[in-house]
Amino acid sequence: MDGLKRSNLRLAWSLSIDQFNPHGNKTARKKKLVGSIVMALLNLPPSLQYRAENLYLVGIIPGPREPSLEEINHSLHPLVNFFLPAWKDGTWFCHIPKLP
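Description of the structure in this document. Predicted model, so just to flag it, every value in this text is computed and none were measured.

**Some remarks on the overall build of the protein**
Okay, step 1: A tally of helices and strands in the protein yields two helices and three strands.
Okay, step 2: Ordered by position from N to C terminus, the α and β elements of the protein give β-β-α-β-α.
Okay, step 3: Counting only residues that meet the buried cut, the protein has 18% of its 100 residues in that class.

Given below as structure tokens:
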């Protein structure tokens, strides 16, 4: 060993996709939907996991209709490609103990 303290940090994330009406309600039979792709850190205490300040907005799926499964998969493809190396090899972070 090189004398440095080593520790592992394992993060667990939740991924959710939610469709909502941006106008708040369905009036005059008009239905418009917008989707959000959100991640929550499950390592936080349950009371903090889904608070707005702890959520990571990954993306927005534009409407006006609910997307098909193929369209959702297309939206998630960049996210999966981003996290796949971290899943296989892990991610290494360096820290500086003291900043000037």
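So much for the structure itself; the text now carries on.
**Details of the pattern of salt bridges**
Okay, step 1: Tallied over the full model, the rule gives two salt bridges.
Okay, step 2: Note that Arg 51 is salt-bridged to Glu 53, the shortest N-O span being 3.0 Å.
Okay, step 3: The exposure class assigned to Arg 51 is partly exposed, which follows from its relative accessible area of 42%.
Okay, step 4: The exposed category is assigned to Glu 53, whose relative accessible area is 55%.
Okay, step 5: The partner of Arg 65 in a salt bridge is Glu 71, and the shortest N-O contact between them spans 2.9 Å.
Okay, step 6: When its relative accessible area of 31% is taken as the criterion, Glu 71 is described as partly exposed.

**Digging into the sheet that holds strand β3 (residues 55-61)**
Okay, step 1: Pairing in this open sheet of three strands is antiparallel, and the strands run β1-β2-β3 from one edge to the other. With one partner strand each, in any of the chains shown, β1 (13-20) and β3 form the two edges of the open sheet. Shown here is a sheet whose adjacent strand axes are inclined to one another by a mean of 20°, direction ignored.
Okay, step 2: The sheet contact formed by strand β2 (residues 34-41) and β3 spans six bridges and is antiparallel.

**Some remarks on a nonpolar patch on the surface**
Okay, step 1: Nonpolar side chains collect at one region of the surface, where Leu 11, Trp 13 and Tyr 56 lie side by side and expose about 330 Å² of accessible area between them.
Okay, step 2: Position of Leu 11 relative to the elements: it lies in the segment before β1.
Okay, step 3: A residue is classified by how much of its surface remains accessible, and Leu 11, at 44% relative accessible area, is partly exposed.

**Quick notes on the pairing of β2**
Okay, step 1: Most of β2 is tucked away, with eight of its eight residues classed as buried.
Okay, step 2: Residues of β2 alternate between two faces, with Val 34, Ser 36, Val 38 and Ala 40 on one and Gly 35, Ile 37, Met 39 and Leu 41 on the opposite face, all of them buried.
Okay, step 3: Bridge count between β1 and β2: eight bridges; the pairing is antiparallel. By the bridge assignment, Leu 15 is partnered in β2 with Met 39.

**As for the nonpolar core**
Okay, step 1: In terms of nonpolar packing, the biggest core is built from six residues, these being Ile 37, Met 39, Ile 61, Ile 72, Leu 76 and Leu 79.
Okay, step 2: Of all the secondary-structure elements, those providing two or more residues to this core are β2 and α2 (69-89).
Okay, step 3: Residue contributions to this core peak at three residues, all from α2.
Okay, step 4: Once residues within four sequence positions are removed from consideration, Leu 79 is found in contact with Leu 15, Met 39 and Val 58.

Cut-offs applied
Residues numbered from 1 in each chain as written. Predicted model: local features only at pLDDT ≥ 70, side-chain atom pairs only at ≥ 80, totals over all residues. Heavy atoms only, no water. Helix = DSSP H or I, 4+ residues; strand = E, 2+ residues; numbered from the N terminus. Buried < 20%, exposed > 50% of the residue type's maximum accessible area, 1.4 Å probe, protein only. Salt bridge = Lys/Arg side-chain N within 4 Å of Asp/Glu carboxyl O. Pairing = 2+ DSSP bridges. Axes fitted to C-alpha atoms, helices over the stretch in contact; angles between N-to-C directions. Patch = residues over 30% accessible without salt bridge, like charges linked within 9 Å, V, L, I, M, F, W, Y side chains within 5 Å. Areas by Shrake-Rupley, 256 points an atom, 1.4 Å probe, with all protein chains shown as cover. Core = buried A, V, L, I, M, F, W, Y, C linked by side-chain atoms within 4.5 Å. Contact = heavy atoms within 4.5 Å.

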